[in-house]
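Topology and contacts: notes
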Amino acid sequence: MARDSQAALVALNRFGFGARGGASGDLINAASDPRGFVKAELARPNGVLLEAPGLQSTPQLGQAVFAYQDQVKQAREAAAKAGTPPEAPQAPADQKPALRRNLSLNTVATEIAGQMAEAKQADNKLTDNSAKPETMQPSMTAPQPAKPAPQPLNVIQKTFRAEALARLQRATLVECGFTERLVVFWSNHFCISASKGELARIWAGAFEREAIRPHVLGRFADMLKAVEQHPAMLFFLDNQQSLGPDSRAGQNRKRGLNENLAREIMELHTLGVGGGYTQEDVTSLARIITGWTFAGRQGQLGTPGSFVFNANAHQPGPQMLLGKSYEPTGLAQGEAALADIARHPSTANFIATKFVRHFVADDPPPALVARLRDVFVKTDGDLKALAAALVDSDEAWKAPLTKMRSPYDFVVASGRLLARVPEDPGGYLNNLNLLGQPLWSPAGPNGFPDTSAAWAAPEGMMLRLDIAAQMGARLGNNIDPLDLLEFAAADAASIETRKTIERAESRQQALALLLMSPEMQRR
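Residues numbered from 1 in each chain as written. Predicted model: local features only at pLDDT ≥ 70, side-chain atom pairs only at ≥ 80, totals over all residues. Heavy atoms only, no water.

In total, this model carries 18 aromatic pairs according to the counting rule given. Ring geometry for Trp-203 against Phe-294: centres 5.4 Å apart, planes inclined by 90 degrees, an arrangement best described as edge-to-face. In this pair, Trp-203 sits in helix α8 (residues 198-212) while Phe-294 sits in strand β1 (residues 292-294), placing the two residues 91 residues apart along the sequence. Taken as a pair, Trp-203 and Phe-294 share a single burial class, namely buried. (Phe/Tyr/Trp six-rings, centres within 6.5 Å; stacked < 30°, edge-to-face > 60°. Helix = DSSP H or I, 4+ residues; strand = E, 2+ residues; numbered from the N terminus. Buried < 20%, exposed > 50% of the residue type's maximum accessible area, 1.4 Å probe, protein only.)

Below, the structure written as structure tokens:
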């Protein structure tokens, strides 16, 4: 069978995280049967699950947070009694880079050359100074106070980093990365934000492992139920604060509904804006899911940190939603409502559109959207069938590779090509923060944007250039960038990219240019 390098590039970049370097042979393997290469991962559903030593369940993590918070409280009380203020945590320096101009591959080369020259001058100064005899020199600046010793990581920080490392290692090692890209898509679709608070931060990875991964190749309705009943989502959108006005708890506490979760279920998770629901439907759904909460530290309702249905907080009576009446069956009332919303025609259209936008084009081809919508409806929301239909479509292979990789895609693709399996997540997390996509921490419940315009702004590209230049300076001596280009694209690489890399002043600059090339930045 003839090898098709261009189709292999589409297979790896559009559907996965790009080719791995080293002896992986990803591009060669994909070139023989590009569609089969991508779809092979769909036949391994257990490969989506993520288990690693030390990763704990949501209830276990909830109990760890409660215990940690108790320790902090006791330490503060002890410090207050002793008259010594507790140590304030050190805030990380927040240096925002200046905005920079627009870029092309030629201007990237100029910028990198300047950065490399500055670094070389700094090295020369250090060398010159070290060659002179040691003499006391007058200080030109006031002495800097000693930096405080770094504080040990607490259980929340340790857990977040362990979850991040497990996710990054999986994305780096997997052959194509299609199922991992599906995980990223659905995790962003049903997003929470780790910045919400300590529970959200420690639960962010477990939420993805427990509510997203088991259903990525399953049914949408099952994923929807798992997501909306997960303590991380309930905490993120405050449903534990929502009380039925006529419930026993609502009457005792003189508090009522919180519509956050109900609104986002309809607007962001299923029907979409303009999907045929009204504000009255939002309020009705909010009533239906009152009592959906998680057990607190005292464990009065169940195991601390686990999902529970609190009948005392549930709004009694039947509810009308989207023209259908739901009988007062407690927990089952909400589960029945979610099952119906998952099968609503507006949900099929919303999911198909968003799916195509993510993988194919910012302006989704209408015919492909319609085809995937029909697959979603006919298969009762079978997400494996939806993914397979996308790979089988001609549009997904013919559309040009013009979508900008998100920061997460970019840092993972770079690590894969450099054949560097992360042993510590710190560098990745720092780069994601710098590039505006902090892991599991979008600014709102609508998740991170999924269009090129959001990530292709000049300042964002200059930050990518800075990161690429750092990688080049650190790793370029031991790598031949032209060999990496063969791993990444082979003869599908553009003539401009190949010539630009060949003209580079050094291997370090050439590596940075490769990482900033369209073959690495676009999908």
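Going through the model one piece at a time under the given rule, you end up with 23 salt bridges. For Asp-238, the salt bridge is made with Lys-196, and the minimal N-O distance between the two is 2.9 Å. Taken together, the residues Asp-238 in the loop between α10 (231-236) and α11 (248-253) and Lys-196 in the loop between α7 (178-189) and α8 connect sequence positions 42 residues apart. A residue is classified by how much of its surface remains accessible, and Asp-238, at 12% relative accessible area, is buried. Exposure remark for Lys-196: the relative accessible area of 34% places this residue in the partly exposed category. Asp-222 is paired through a salt bridge with Arg-219; the nearest N and O atoms lie 3.0 Å apart. Overall, the relative accessible area of 27% leaves Arg-219 in the partly exposed class. (Salt bridge = Lys/Arg side-chain N within 4 Å of Asp/Glu carboxyl O.)

Moving on, we come to the confidence of the model for the chain. On average, the chain scores 90 in pLDDT, and the residues at 70 or more come to 88%. Note on residues 122-141: pLDDT is under 50 here. Beyond four places in sequence and across chains, it has 0 contacts. (pLDDT = per-residue confidence, 0-100. Contact = heavy atoms within 4.5 Å.)

At Ala-419, a position not held by glycine, the phi torsion is positive, near 55 degrees. Along the polypeptide, Ala-419 turns up in the loop between α19 (407-417) and α20 (426-435). Accessibility expressed as a relative area gives 48% for Ala-419, which makes it partly exposed. For Trp-440, which is not glycine, the phi dihedral falls at a positive 55 degrees.

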